Amino acid sequence: MNFKLTEDQLQLQEAARTFARAELPAIAAELERDNKPPSRALVKRYAEMGFLGINVSSDLGGLGLGNIEALIVLEEFGKISSAVGFPIFESSVGPVRAIEHFASDTLKKRVVPAVCSGDMVVAVSMSEPDAGSALTDLKTKGVVKGDKLIINGTKRWCSGGGHSDAYVVYCRLSDDPGAKGIGAVLVEKDAPGISFGPNEELMGFRGVPSSDINFDDCEVPLDNVIVQVGGGFKKLMEAFDLERCGNATMSLAQASGALEDVSVYVQERKQFGKPIAEFQAVQIKLAEMQMKIEAARLLIWRAASLAEDGLPSVLHSSTGKCFANTIAREVTGDAMQLMGAYGYSKEFPMERRLRDSWGWGIAGGAIDIQKVNIAGAMLGRRFDQRR
């Protein structure tokens, strides 16, 4: 067990930090203002610098590094904003990993290298009007007709809806009840029968546009099926365990970025004739924030490290996500309080960090759902919420 980053990891972290701090704050402010995703030119620049698909196999266009390396970079970009970090998230811990692990060789080779090169953006589409935490209640269904899969249904809260090039859609592929009938298929944005609702107006996540997706006899080639039914849902949830580590890292980034900002502020801001960092109450609050951030980072990195030869376990990934989601809300709230009116002002990023922190504790499985996952993994059983 080694708690130190390697020299190569430290160099990668420094490269990501230097680029993010120098190039991205102004872009983050623009994305926040306009609620638009990062430009394709920026995504291509990420790719050229080696920041996309960090933990994707080099045979598929990635760097072939580990999960820890991917999360190190994600945190540095996420510190600037969720929006500028999202392309890193999608390419390293998002739906592209399900394609890498479970899709046919043909589909992998068509999609994954394009994501790593910045030529394609792929989003995930899971939730529905009546299926969020109860994901196995989803109703969107694909039926085979000849050499096509015909999909009908409505998806909700799709981050990337309307602007991504393709979507990993969780849907029913048989009449089997519950999880047994669920698989996943790649649906490209120009597929016949796909349409998108307007961008949602959310409390946070500006620059990560979200919308409904409607499928009306949407035609998809059978080759686009990623995971078939019959154990397919379990595979999808295994891949989603890595996404939880990414979600947790985005939460962590809001907290660690907030602590960095407020640490500068309390040493410059003077009251009663001295910097407020001189007051013991401020020192105690900073120490509490540091402890929470360090604990969250270690939980996330443990899950990612133990999964280097595969995918994280639900116990470790849910523990990391639940804790990081919780402390991010606390740390950004405390940092805002220390900054007073400056923290509450939209002229500074603190209030955005707080809003995004609440979003990450809802996205990808809410905090309390993670606790149910943790308890089930601890006891070696699943809890049926319907009984």
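Scope of this entry: the structure provided in the associated data block. The model shown is predicted, which means the values in this text are computed figures rather than measured ones.

Another point: the overall build of the protein. A tally of regular secondary structure across the protein gives 13 helices and 10 strands. A globule of 387 residues ought to have a C-alpha radius of gyration of about 21 Å, and the protein, at 21 Å, matches this closely. Counting all 387 residues of the protein, 52% fall into the buried class. For the protein, the proportion of contacts with a sequence separation of at least 24, taken over those separated by at least 6, is 73%. When the accessible surface of the protein is summed, it comes to about 17,400 Å², and 53% of that surface belongs to carbon and sulfur atoms.

Along strand S4 (residues 166-172), 7 of the 7 residues are buried, which leaves the element largely enclosed by surrounding structure. Residues Ala-166, Val-168, Tyr-170 and Arg-172 point to one face of S4 and Tyr-167, Val-169 and Cys-171 to the other, with burial holding for every one of them. With 4 bridges joining them, strand S1 (residues 122-125) and S4 adopt parallel strand pairing. By the bridge assignment for S4, Ala-123 is matched with Tyr-167. Where S4 lies against strand S5 (residues 182-188), 7 bridges are found, and the strand directions are antiparallel. Residue pairing in the sheet places Tyr-167 in a bridge with Val-187 of S5.

This part takes up the side chain of Asn-35. Positionally, Asn-35 belongs in the loop between helix H2 (25-34) and helix H3 (40-48). Ignoring any residue separated from it by four or fewer positions in sequence, one finds Asn-35 in contact with Asn-199, Glu-200, Phe-205, Arg-206, Gly-207, Val-208 and Pro-209.

Attention now moves to unusual backbone geometry. Phi at Asn-35 takes a positive value of approximately 55 degrees, unusual for a residue other than glycine. In this structure, Phe-205 is a non-glycine residue whose phi angle is positive, near 60 degrees. Mapped onto the elements, Phe-205 comes out in the loop between strand S6 (194-196) and strand S7 (210-221).

Once that is clear, we can look at the pairing of strand S3 (residues 148-159). Sheet topology places strand S2 (residues 141-145) next to S3; 5 bridges connect them, and they run antiparallel. Each bridged residue has a counterpart across the sheet, and for Val-143 the counterpart in S3 is Ile-150. Adjacent in sequence and paired antiparallel, S2 and S3 are bridged by 2 residues, among which Gly-146 carries a positive phi angle near 65 degrees. Pairing geometry for S3 and S7, over 9 bridges, is antiparallel. Looking across to S7, one finds that Thr-154 is bridged to Asn-214.

Before going further, it helps to spend a moment on helix H12 (residues 350-360). Of all 11 residues that make up H12, 10 are buried, and the element is covered over most of its length. Taken as a whole, H12 has its buried residues at Met-350, Glu-351, Arg-352, Arg-353, Leu-354, Arg-355, Asp-356, Ser-357, Gly-359 and Trp-360. Buried-residue contacts for H12 involve H2, helix H4 (67-80), helix H5 (82-92), helix H8 (232-268), helix H10 (314-339) and helix H11 (341-344).

Take the packing of aromatic side chains next. Within this structure, the stated rule accounts for 12 aromatic pairs. Measuring from ring centre to ring centre gives 5.9 Å for Phe-19 and Phe-77, while their planes differ by 35 degrees; the resulting arrangement is tilted. Of the two residues, Phe-19 is situated in helix H1 (residues 7-23) and Phe-77 in helix H4; the sequence distance between them amounts to 58 residues. For the pair Phe-19 and Phe-77, a shared accessibility class is recorded, and that class is buried. With centroids separated by 5.1 Å and ring planes inclined at 65 degrees, the aromatic side chains of Phe-51 and Phe-77 adopt a geometry described as edge-to-face. Here the residue Phe-51 occupies a position in the loop between H3 and H4, and Phe-77 occupies one in helix H4, the gap between them amounting to 26 residues.

Parameters at a glance
Residues numbered from 1 in each chain as written. Predicted model: local features only at pLDDT ≥ 70, side-chain atom pairs only at ≥ 80, totals over all residues. Heavy atoms only, no water. Helix = DSSP H or I, 4+ residues; strand = E, 2+ residues; numbered from the N terminus. Rg over C-alpha atoms; globule rule 2.2 N^0.38 Å. Buried < 20%, exposed > 50% of the residue type's maximum accessible area, 1.4 Å probe, protein only. Contact = heavy atoms within 4.5 Å. Areas by Shrake-Rupley, 256 points an atom, 1.4 Å probe, with all protein chains shown as cover. Pairing = 2+ DSSP bridges. Phe/Tyr/Trp six-rings, centres within 6.5 Å; stacked < 30°, edge-to-face > 60°.

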